[in-house]
Amino acid sequence: SFVIFSKGMSASAHIATKSSTNSFLESEDLNAAVRHVCRDVVALVALLYCSPVLHCIVTSSKEDRSPGPISLINPFHLLKTGDKAFGEFLLDEIKEEKKIQMNKSLPKMSGGWEQEMNGTEVKLTRQVSGEKVTVTFNVNNSIPPNFEEEVEQGQQQKPAEDEPEIVSSPNFVIEVTKQGAKYSLVFDCHFPEDEMSHGDGEEENDIFAIREVSFQPEGDSDWKETSYTLNTDSLDWALYDHMMDFLADRGVDNTFADELVELSTAIEHQEYIKFLEDLQSFVNCK
Amino acid sequence: MGVVLRNLQKVVPLRRARLRRDVDTLRHILGIQKFDLGVICVDNRRIQQINSVYRKKDAPTDVLSFPFHEDLRPGKLPCPLHRDELNLGDIFLGVEFVMKQCQEESLDLHGALTAVTAHGICHLLGYRHETEEEWTEMLQRERYILTEYNRLTGRRLEPLMKRPGPDT
């Protein structure tokens, strides 16, 4: 004989078989025993069908091998429900972002700059009096962290229409290459974050600033860490001004800097929307 | 420290090195090399905003000065007690306004900016031109500065002040 117990249930289903030394097929007792067994089997099946706990034991034994209390919720079902909600949220988010997308086509830089894009990296190139000027930047991590904190705080206090626009102000590298020179002169530049400014016109920093200057091998060769790098933090200010004039003569001035921010902001937004679309496809993918 | 030069505008193509050199020459003439000075170049929109806030005049102008030391006797250098006080203040140059004047009068932009800066530095040193007496005193000082400047550089700059009255 064997007994099946169901956890948490007061009743127990059992099936008992009776063994006999008599011929099994000829006994009326046998027929009664078979009918008894069938009834019990039906009862057992009904018990199994109705018991959520037993159902979970069966399903959890297949899919959830982690220790701990047995949940009454199907984790597979939870995953699918979560993904569905996530996918629907992303759909709405994409719609909203496309509504506020200011430039469906990217803004154009003035000054005859040619533009190349490789994912999130942008390269602007220009020829000036036999020299080649290349400006490279990446829209990744180009939104100032102070801005992101302000937006989070603003969401608690201001209505949506008063929130400041997100602006991408990436660090950028300028390479100036002359035909006769062995190395390119490289300027590492950035947009200073003015502690006083919050978009209210009180900025008193230059629009852009040079951080480091060095000579590097021309083209896409690896950056030479052993090349002397001039840091402008403690630089003679007259020398700094000469370098800013040098860049301005090659088209990298305040107008260029403002246009670069506009271009970077548009590209970053475009990449963000594309990412959301890819994410939605991935979430919805079976 | 020395001269903190900032260019916050994109309307006028500015030669920073030249402007700094000219400001340093003015500081040398006035004997104020040990003092820090801020020179901030702005466009009409920004100078008009500052003019409106601080002088209640809603119009662009050529220069606005913000002295660090208030109530100085004209021409008397400050006697700072601490290193933090080795500061004369800030001058905002309305470069767009000055450029328009230069175009109308066929003047060299950077020469005009130097003359305007000399005027601004005089304000930081306590000079005013609200009365006729003050105006005369300030004009004399500006003439002296620019005469020395012209002697040192070979240029021919003239004082900003040509007739009595407050700045516009």
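Remember, it's a predicted structure, so these values are computed and weren't measured experimentally. (Residues numbered from 1 in each chain as written. Chains lettered and ligands numbered in written order. Predicted model: local features only at pLDDT ≥ 70, side-chain atom pairs only at ≥ 80, totals over all residues. Heavy atoms only, no water.)

## Some points on the overall build of chain A
As a reminder, the rule being used: Each helix is a run of H or I in the DSSP string that is no shorter than four residues. Each strand is a run of E no shorter than two, and both are numbered from the N terminus. Any two residues whose heavy atoms approach within 4.5 Å are treated as being in contact. Here, Shrake-Rupley sampling with a 1.4 Å probe gives the accessible areas, and only protein chains in the shown set may cover a residue.
Scanning chain A for helices and strands turns up six helices and nine strands. Taking all contacts inside chain A whose residues are at least 6 apart in sequence as the whole, residues at least 24 apart take part in 57%. As displayed, chain A has an accessible area near 19,400 Å², and 55% of this comes from carbon and sulfur atoms.

## Some remarks on the interface of chain B and chain A
Keep this limit in mind: A quick way to say it: buried area is the sum, across both parts, of accessible area lost when two parts are put together, with a 1.4 Å probe. Each reported salt bridge corresponds to a side-chain nitrogen of Lys or Arg within 4 Å of a carboxyl oxygen of Asp or Glu. Distance and chemistry together define a polar contact, namely a pair of N or O atoms within 3.5 Å, with one atom able to donate a hydrogen and the other to accept it when in protein, and with adjacent residues in sequence counting only for side-chain atoms on both sides.
In this complex, chain B contributes 18 residues to the contact, which on the side of chain A involves 19 residues. In terms of surface lost to chain A, no three residues of chain B exceed Lys-10, Arg-15 and Arg-16 of chain B, which account for 34% of the buried area on that side. At the boundary of chain B and chain A, one finds five salt bridges. A salt bridge links Arg-16 of chain B to Asp-206 of chain A; its shortest N-O distance comes to 3.0 Å. One can count 10 residue pairs in polar contact (both at pLDDT 80 or more) joining chain B with chain A. By residue number, the principal contributor to the side of chain B that touches chain A is strand β1 (residues 3–7) of chain B, which donates five residues.

## Notes on the side chain of Thr-25 of chain B
Residue and element names in this part refer to chain B. Note the following rule: Exposure is judged per residue with a 1.4 Å probe applied to protein chains only, and the accessible area is read against the type maximum: over 50% gives exposed, under 20% gives buried, and values in between give partly exposed.
Relative to the assigned elements, Thr-25 resides in helix α1 (residues 16–30). Assessed through its relative accessible area of 18%, Thr-25 is described here as buried. With residues near it in sequence (within four places) discarded, Thr-25 still touches Tyr-149 and Leu-152.

## A short note on the packing of aromatic side chains
Residue and element names in this part refer to chain A. What counts, and what does not: Geometry of aromatic contacts follows a simple scheme: Phe, Tyr and Trp rings, the Trp one being its six-membered ring, pair when their centres are within 6.5 Å, and the pair is stacked under 30 degrees between planes, edge-to-face over 60, tilted otherwise. For a Lys NZ or an Arg CZ to count as sitting over a ring, it must be within 6 Å of the ring centre and within 35 degrees of the ring normal.
As enumerated under the stated definition, the model contains six aromatic pairs over all chains in all. Three or more aromatic residues joined by ring pairs make a cluster, and in this case those are Phe-172, Phe-191 and Phe-208. Here the basic side chain of Arg-250 rests over the ring of Phe-246, its NZ or CZ set 3.7 Å away from the ring centre.

## Concerning the sheet that holds β1 of chain B
Residues and elements named next belong to chain B. We apply this condition: For two strands to be treated as a pair, DSSP must find no fewer than two bridges joining them. Convention adopted: a line fitted to C-alpha atoms gives each axis, helices being fitted over their contacting stretch, and angles between N-to-C directions are expressed from 0 to 180 degrees.
With respect to topology, four strands assemble into an open sheet ordered β1-β2-β4-β3, the strand pairing being mixed. The open sheet has two edge strands with one neighbour each: β1 and β3 (63–67). On average, adjacent strands in this sheet sit at an angle of 15° to one another, irrespective of strand direction. Along the sheet face, α1 touches β1, β2 (36–42) and β4 (87–94) and points at about 145° away from the line of β1.

## Side note on the packing of helix α3 (residues 75–100) of chain A against helix α6 (residues 254–284) of chain A
Each pair of packed helices gets described by two things: the angle between the helix axes and the distance between those axes. Residue and element names in this part refer to chain A. Basically, it comes down to this: Each angle is binned into one of four classes, with values under 35 degrees roughly parallel, values over 145 roughly antiparallel, values of 65 to 115 roughly perpendicular, and all other values oblique. Here a crossing is taken to be left-handed if its near helix is turned anticlockwise relative to the far helix by less than a right angle, and right-handed if that turn runs clockwise.
At a minimum axis distance of 9 Å, the contact between α3 and α6 shows a crossing angle of 160°. One finds that α3 runs roughly antiparallel with respect to α6. In this structure, α3 meets α6 at a crossing whose hand is left-handed. Here Asp-83, Phe-86, Gly-87, Leu-90, Leu-91, Glu-93, Ile-94, Glu-97, Lys-98 and Ile-100 of α3 lie close against α6, whose contacting residues are His-269, Tyr-272, Ile-273, Leu-276, Glu-277, Leu-279, Gln-280, Val-283 and Asn-284.

## Description of the nonpolar core
Selection criterion: In these notes, a set of buried Ala, Val, Leu, Ile, Met, Phe, Trp, Tyr and Cys residues joined through side-chain atoms within 4.5 Å is what counts as a nonpolar core.
Counting residues in each nonpolar core, the largest one holds 37 residues, and the members touching the most others are Leu-19, Leu-37, Val-39, Leu-93, Leu-113 and Ile-121 of chain B. A total of nine residues in this core trace back to one element, the largest contributor, which is helix α4 (residues 109–124) of chain B. Setting aside its immediate chain neighbours within four residues, Ile-121 of chain B contacts Leu-26, Leu-30, Ile-32, Leu-37 and Ile-91 of chain B. Among the nonpolar cores identified, the runner-up in size contains 33 residues, and Met-109, Phe-191, Ile-207 and Ala-209 of chain A belong to it.

## Quick notes on the confidence of the model for chain A
All names here are of chain A. What counts, and what does not: How sure the predictor is of each residue is captured by pLDDT, a score from 0 to 100.
In the predicted model, chain A carries a mean pLDDT of 77, and 63% of its residues have values of at least 70. Considering only residues more than four positions removed or in separate chains, one finds that residues 1–26, a stretch of pLDDT under 50, has 25 contacts. Confidence drops under pLDDT 50 across residues 53–68; counting only partners more than four residues distant or on other chains, this segment forms eight contacts.

## Quick word on the state of the cysteines
Worth spelling out the cut-off: Disulfide: a pair of cysteine sulfur atoms within 2.5 Å of each other.
Summed over the entire model, instances satisfying the criterion amount to zero disulfides over all chains. We note that Cys-189 of chain A lacks a disulfide partner, and the nearest cysteine sulfur, in Cys-41 of chain B, lies 19 Å from it. Judged by relative accessible area, Cys-189 of chain A falls into the buried class, the value being 0%. Free of any disulfide, Cys-79 of chain B has its nearest cysteine sulfur in Cys-122 of chain B, 18 Å distant. For Cys-79 of chain B, a relative accessible area of 64% translates into the label exposed.

## Digging into helix α5 (residues 132–153) of chain B
All names here are of chain B. Rules: Given a helix with a known number of residues, its expected span is that number minus one, times 1.5 Å. The arc in question is formed by the directions pointing from the helix axis toward the C-beta atoms.
The terminal C-alpha atoms of α5, which comprises 22 residues, lie 31 Å apart, in line with the 32 Å expected from a rise of 1.5 Å per residue. Trp-135, Met-138, Leu-139, Glu-142, Ile-145, Leu-146, Tyr-149 and Asn-150 are the residues of α5 that are buried. Viewed end-on, α5 has its buried residues packed into an arc of 135°, placing them on one side of the element. In this structure, α5 carries Glu-133, Gln-140, Thr-147 and Arg-151 as exposed residues pointing more than 90 degrees from its buried face.

## Observations regarding the pattern of salt bridges
All names here are of chain A. Counted under the stated rule, the structure contains 17 salt bridges over all chains. Across the salt bridge formed by Lys-98 and Glu-277, the nearest N and O atoms sit 2.7 Å from each other. In this pair, Lys-98 sits in helix α3 while Glu-277 sits in helix α6, placing the two residues 179 residues apart along the sequence. The exposure class assigned to Lys-98 is partly exposed, which follows from its relative accessible area of 37%. We classify Glu-277 as partly exposed; its relative accessible area is 30%. The partner of Glu-131 in a salt bridge is Lys-178, and the shortest N-O contact between them spans 3.6 Å. Here Glu-131 is found in strand β5 (residues 131–138), whereas its partner Lys-178 is found in the loop between β6 (172–177) and β7 (183–190), with 47 residues between them in sequence.

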